[in-house]
Amino acid sequence: MTDKTASPNPKDLIGVKKVPTLSVIPTAALVHMGRAMENGADKYGPFNWRQHPVQSGIYVDAAMRHLMAWVDGEENAEDSGVHHLGHAMACFAIILDAMEADKLIDQRVPGPAPAMLERYKK
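This text gives an overview of the structure that appears in the document.

About the thresholds
Residues numbered from 1 in each chain as written. Predicted model: local features only at pLDDT ≥ 70, side-chain atom pairs only at ≥ 80, totals over all residues. Heavy atoms only, no water. Salt bridge = Lys/Arg side-chain N within 4 Å of Asp/Glu carboxyl O. Buried < 20%, exposed > 50% of the residue type's maximum accessible area, 1.4 Å probe, protein only. Helix = DSSP H or I, 4+ residues; strand = E, 2+ residues; numbered from the N terminus. Contact = heavy atoms within 4.5 Å. Core = buried A, V, L, I, M, F, W, Y, C linked by side-chain atoms within 4.5 Å.

Below, the discussion takes up the pattern of salt bridges. Overall, the coordinates contain four salt bridges when judged by the stated rule. Between Glu118 and Lys121 there is a salt bridge; the shortest N-O distance is 3.1 Å. Assessed through its relative accessible area of 49%, Glu118 is described here as partly exposed.

This next bit is on the side chain of Ser56. Structurally, Ser56 is set in helix H4 (residues 56-71). Using a relative accessible area of 6% as the deciding quantity, one classes Ser56 as buried. When residues no more than four places from it in sequence are discounted, the contact partners of Ser56 are Ile95, Leu104, Ile105, Asp106, Gln107 and Arg108.

Mapped onto the elements, Gln55 comes out in strand E1 (residues 54-55). The exposure class assigned to Gln55 is partly exposed, which follows from its relative accessible area of 36%. Placed 51 residues apart in sequence, Gln55 and Asp106 show a C-alpha to C-alpha distance of 6.4 Å. Apart from residues no more than four positions distant in its own chain, Gln55 is found in contact with Leu104, Ile105 and Gln107.

Turning our attention to the nonpolar core. In terms of nonpolar packing, the biggest core is built from 11 residues, these being Trp49, Val54, Tyr59, Ala62, Ala63, Ala88, Cys91, Ile94, Ile95, Ala98 and Leu104. Those elements that place two or more of their residues in this core are H4 and helix H5 (84-100). With five residues, H5 is the single largest residue contributor to this core. Ignoring anything within four residues of it in the chain, the contact list for Ala88 reads Ala63 and His66.

Written as structure tokens, this is what we have:
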């Protein structure tokens, strides 16, 4: 990547101060997530979680099912034909968006995982 602060262009000088991370998202990931989001929009309505609060556990469970299916060798969800990792990404995107929209029912219960991961790292 080039040094974005080196330009004297006024737009560049303002733009460099804005969220830069959008240009580093892999486009393949966006396409797969978009397909999963479209599948969900067809089933449940687009952005339905912005109208009604959603439970975090529902989306964590769904993401974990998709991740487990992918880890065990299945590429695409049987019902949608969409890549399992796209579905998992969509679940996490909905959780994040619902959090930002104050529509997430946060069902997390603090546990030992963060401390354990720190303790057992190599």
